[in-house]
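Spelled out, the chains give:
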Amino acid sequence: MMGYVGTVSLYSSLLALGYIIALFKRGKETLTDGATLHGRLPPLKPLYVHALLSMIFRPKQLPKRLLSAGSMPQLSINSDSVAVNAQNLAKYRKKCGLSEGKGLPILYPTVETFCMNVACMCLPTFPISVIGSVLARYKATMHRPIQETEILTYRQRLLPKMRQTPKGDTEFDMSVSVLSATGELLWEDTSTFLSFGKQRQGNSKQSEPELYVRSFQASEKWQLSTQDGPQFAALNGDINFIHLHPILARLFGFRSNIAHGVYLVSKSIAAMQTGKQQQYPQAVCASLKRPAVLPGQFTCHWQQGIPGVAFSSEFAVCSEETGKTVLSGRYMCGKDAVAKI
C-alpha cells in the first residue's frame, strides 16, 4: 500500500504533468501562421514549454531543400490593440540607466516583442529549433516618438533569405514592425539569428580584426554581475539557459552565464545619450562579436561625429579581462539617421 509520502509525490507529479500539458496546449493555440492576437502579446511560458518538449520528442532538422535554396517559409505573427507595459518599461529604464522621457527608448519595443520572435520559431513549419539560436546582429529604427499611452499594433515576420556561414552555421532574419492605431509605421527592427551547425568547420578562434576603440573620445566602465543575466531575462523574457546561471551556462560550453546583447546595447545608448536632447528619427545597429561572460568589467567606448547626421556615434563594448571587443555598432539621431545607418 502506498504511504502518505508516496501518495503526495504521485499527486504532485500528476499536477506538474497536468500543468505542463496545459501550457503546451495553450502554447499551441497561438502557434498558427498568420495568427492575430487581440489586446495581448504571445505568452512566453507555454512557448518555452512547447519548444522544450518539441526539442525532446520532435527535434527539428533543417531540410536540405531549404538549405540549398537559401530560403525560409513565409511565416508571421501579429498582435493588435496592445498597450505598453508601463511597469516593465520603468524597470527597463532603471536597469539600463536610461533617463525618464516622454517617449519609449529606441530598444524598448525589442524588449516587448521578443516573445513574437519566439512564437514564430515555435510554429510547426519553422525549420530550426528555438533552443540554441542566438542573436548575431541587430538593427532598429524609430521614425517618431512613441508615447507610453499609445495603443500599438505589432507585425512580426520571418524574412525569406537564409544563409550558411563558412563555419557551417545557419543565419536567418526576423523583422518586427510597430504601427499606430491609424496604421502609421512608428518603429521597425531586423534581428539576425545564428543557429550553430552540428559539425562546425574552421578555427573557432578566428575572428574579425579588433576595432581600435581605445582612441575613441569617450568611455564608461561597467561592473556587471552574474545577476544581470537573469534580471534582464525577467524584463524581455529571454530565459535562454546561457543567461540565467553559471551552472546552466556551463552545460552549453560557457564558463559562466553571459549578458544579453540587447542589454549591452541599451546601456551603451544610455551612456551616449547623457546630456543630449532626443531627436528623431533614431537608428541603431549592432554586431555581437563574442559572449560577454559574467561577472566582469566592461568598458563602452564611443566616437561621436559621423558627417551628415545631427547626432551620431560609433560605439564598442570591450571586456577589460580579455581586451577583446564584445560588440560594436552605430547609433544615430536626426534627419539622415535612417539612410546612413
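Structure: see above.
The following refers to the structure shown.

Analysis parameters
Every chain's residues receive numbers from 1 upward, in the order its sequence appears when written. Since the coordinates come from a predicted model, pLDDT governs what is reported: local features require at least 70, and pairs of side-chain atoms require 80 or more to be given and counted, while whole-chain, interface and lining totals use all residues. Remark: hydrogens and water are excluded; side-chain values derive from all non-hydrogen atoms of the structure. Secondary structure elements are taken from DSSP: a helix is a run of H or I of four residues or more, a strand is a run of E of two residues or more, and numbering for both begins at the N terminus. Categorising residues by exposure relies on relative accessible area from a 1.4 Å probe, with only protein chains included: less than 20% of the type maximum marks a residue as buried, more than 50% marks it as exposed, and the intermediate range marks it as partly exposed. For this analysis, residues touch if any pair of their heavy atoms sits within 4.5 Å. Values of accessible area rely on a 1.4 Å probe in the Shrake-Rupley scheme; residue burial ignores everything except the protein chains shown. Working convention: axes come from line fits to C-alpha atoms, limited for helices to the stretch in contact. Angles between N-to-C directions cover 0 to 180 degrees. Any angle between 65 and 115 degrees counts as roughly perpendicular, while under 35 counts as roughly parallel, over 145 as roughly antiparallel, and the rest as oblique. When the near helix sits turned anticlockwise from the far one by under a right angle, the crossing is termed left-handed; a clockwise turn instead gives a right-handed crossing. Three classes are used: nonpolar for Ala, Val, Leu, Ile, Met, Phe, Trp, Tyr, Cys and Pro, charged for Asp, Glu, Lys and Arg, and polar for all others, with Gly counted as polar. Both site types are read off a 1 Å grid over the protein atoms alone. A 1.4 Å probe that fits but cannot get out defines a cavity, while an open set with protein on both sides within 12 Å along at least five of seven lines defines a pocket; lining residues have an atom within 4 Å of a point. Grid points are joined across faces, edges and corners, and a volume is the space filled by probe spheres set on the points. Each pair of strands is called paired provided DSSP finds at least two bridges between the two strands. Residues grouped as a nonpolar core are buried Ala, Val, Leu, Ile, Met, Phe, Trp, Tyr and Cys residues, joined through side-chain atoms within 4.5 Å. In this scheme Phe, Tyr and Trp rings, the latter by its six-membered ring, pair at centre separations within 6.5 Å, and the angle between planes marks the pair as stacked below 30 degrees, edge-to-face above 60, and tilted otherwise.

1. Let's talk about the overall build of the protein chain
Part 1 of the reasoning: When helices and strands are tallied, the protein chain shows 10 helices and 11 strands.
Part 2 of the reasoning: When burial is assessed residue by residue, the protein chain has 50% of its 341 residues classed as buried.
Part 3 of the reasoning: Nonlocal contacts in the protein chain, meaning residues at least 24 apart in sequence, comprise 73% of its contacts between residues at least 6 apart.
Part 4 of the reasoning: Within the structure as shown, the protein chain displays about 17300 Å² of accessible surface, and the carbon and sulfur contribution to it stands at 56%.

2. Quick look at the packing of helix α4 (residues 86–96) against helix α6 (residues 228–236)
Part 1 of the reasoning: Running from N to C, α4 and α6 point in directions that differ by 150 degrees, and their axes come no closer than 10 Å. If you check the angle between α4 and α6, you find them roughly antiparallel. The interaxial crossing formed by α4 with α6 has left-handed handedness. Of α6, the residues touching α4 (which contributes N88, K91, Y92, K95 and C96) are D228, Q231, F232, A234 and L235.
Part 2 of the reasoning: A class-by-class count of the residues in the contact of α4 with α6 yields five nonpolar, two polar and three charged.

3. Quick word on empty space enclosed by the protein
Part 1 of the reasoning: Taken as a whole, this structure holds two cavities of 30 Å³ or more when the rule is applied.
Part 2 of the reasoning: Roughly 40 Å³ of volume is contained in the second largest cavity.
Part 3 of the reasoning: Lining the second largest cavity, in full, are Y92, L98, P105, I106, L107, S266, I269 and Q273.
Part 4 of the reasoning: Broken down by element, the residue count for the lining of the second largest cavity peaks at three residues, all from helix α9 (residues 261–273).
Part 5 of the reasoning: Among the residues making up the lining of the second largest cavity, the classes are represented as six nonpolar, two polar and no charged.

4. A look at the sheet that holds strand β10 (residues 311–319)
Part 1 of the reasoning: The mixed open sheet is built from 11 strands, whose spatial order is β1-β2-β4-β5-β6-β3-β8-β11-β10-β9-β7. Either end of the sheet is taken by a strand with one partner, and the two such strands are β1 (35–38) and β7 (218–224). Strand-to-strand, the axes of this sheet are offset by a mean angle of 15 degrees, without reference to chain direction.
Part 2 of the reasoning: With six bridges joining them, strand β2 (residues 76–83) and strand β4 (residues 151–164) adopt antiparallel strand pairing. Paired with I77 across the bridge in β4 is Q156.

5. Quick notes on the environment of D80
Part 1 of the reasoning: With respect to the helices and strands, the residue D80 is situated in strand β2.
Part 2 of the reasoning: Beyond its immediate chain neighbours, meaning those up to four positions away, D80 contacts T36, L37, H38, G39, R40, L152, T153 and R155.

6. Notes on the nonpolar core
Part 1 of the reasoning: Formed by 73 residues in total, the largest nonpolar core has its most connected members in L107 and W187.
Part 2 of the reasoning: Top element by residues in this core is helix α5 (residues 108–121). It accounts for nine residues.
Part 3 of the reasoning: When sequence neighbours within four positions are dropped, the list of residues in contact with L107 reads Y92, Y138, A140, V262, V265, S266, I269 and V284.
Part 4 of the reasoning: Judged by nonpolar contacts, the second largest core, of five residues, contains A283, C285, A337 and I341.

7. Considering the packing of aromatic side chains
Part 1 of the reasoning: Taken as a whole and judged by the stated rule, the model has seven aromatic pairs.
Part 2 of the reasoning: For the pair F241 and F252, a centre-to-centre distance of 6.1 Å together with 50 degrees between the ring planes defines the contact as tilted. With a gap of 11 residues between them, F241 in helix α7 (residues 241–244) and F252 in the loop between α8 (246–250) and α9 connect regions that are remote in the sequence.

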